[in-house]
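For reference, the chains in residue letters:
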Amino acid sequence: AEKLEVENEMARFCKPIQVGVNLWQVTSGQQTHPVNLEQYTCGCRKWDLSGIPCNHAISAINKAKRFPED
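Since the model is a prediction, treat every value here as computed from it, not as a measurement.

A. Spotlight on the overall build of the chain. Secondary structure assignment for the chain yields 3 helices and 4 strands. Listed by position from the N terminus, the elements making up the chain come as α-β-β-β-β-α-α. In summary, the chain has a C-alpha radius of gyration of 10 Å against a globular reference of 11 Å for 70 residues, a match within 12%. Dimensions of the chain, computed from C-alpha atoms along their principal axes, come out at roughly 30 × 25 × 25 Å. Buried residues in the chain amount to 34% of all 70 residues. Sequence-distant contacts, at least 24 apart, represent 34% of the contacts inside the chain between residues at least 6 apart. A total accessible area of about 4800 Å² is found for the chain, and carbon and sulfur atoms account for 52% of it. Here the chain contributes 8 positively and 8 negatively charged side chains, and the mean placements of these two sets differ by 8 Å.

B. Seen up close, the sheet that holds strand β4 (residues 41–42). Reading across the sheet, the 4 strands line up as β1-β2-β3-β4 and stay open at both edges, with antiparallel pairing between neighbours. Single-partner strands in this sheet number two, and they are β1 (15–18) and β4. Alignment of strand β2 (residues 23–28) against strand β3 (residues 31–36), held across 6 bridges, turns out to be antiparallel. By the bridge assignment, Val-26 is partnered in β3 with His-33. Seen against the sheet, helix α3 (residues 55–63) touches β1, β2, β3 and β4 and runs at an angle of roughly 125 degrees to β2.

C. A look at the pattern of salt bridges. This structure, assessed with the given rule, holds 2 salt bridges. In this structure, Lys-46 and Glu-7 form a salt bridge, with 2.9 Å as the shortest nitrogen-oxygen distance. Of the two residues, Lys-46 sits in helix α2 (residues 46–50) while Glu-7 sits in helix α1 (residues 2–10), which places them 39 residues apart along the sequence. Assessed through its relative accessible area of 10%, Glu-7 is described here as buried. Glu-9 is the partner of Arg-12 in a salt bridge, and the nearest nitrogen-oxygen pair spans 3.6 Å. A relative accessible area of 40% places Glu-9 in the partly exposed class.

D. Local environment of the pairing of β1. Pairing analysis gives 4 bridges linking β1 to β2, with the strands arranged antiparallel. The partner of Pro-16 across the bridge, within β2, is Val-26. The antiparallel hairpin formed by β1 and β2 contains 4 residues in its connecting segment.

Cut-offs and rules
Residues numbered from 1 in each chain as written. Predicted model: local features only at pLDDT ≥ 70, side-chain atom pairs only at ≥ 80, totals over all residues. Heavy atoms only, no water. Helix = DSSP H or I, 4+ residues; strand = E, 2+ residues; numbered from the N terminus. Rg over C-alpha atoms; globule rule 2.2 N^0.38 Å. Buried < 20%, exposed > 50% of the residue type's maximum accessible area, 1.4 Å probe, protein only. Contact = heavy atoms within 4.5 Å. Areas by Shrake-Rupley, 256 points an atom, 1.4 Å probe, with all protein chains shown as cover. Lys, Arg positive; Asp, Glu negative; His and termini not counted. Charge placed at Lys NZ, Arg CZ, Asp CG, Glu CD. Pairing = 2+ DSSP bridges. Axes fitted to C-alpha atoms, helices over the stretch in contact; angles between N-to-C directions. Salt bridge = Lys/Arg side-chain N within 4 Å of Asp/Glu carboxyl O.

And the structure:
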């Protein structure tokens, strides 16, 4: 829960753009990461490796009106 809260704080600085049904393109600073909410993956690979949504994924989840805890 603590790690999720930290990522949630950092998600405020990300800009998600929906590019497909469950596909998002999230810009964070100079980098852009593809996020797939159906397969639970992000281009930064943090979500893939830890199972905890990264800040890029959380920004897309919030924009999609879903809950990161799910």
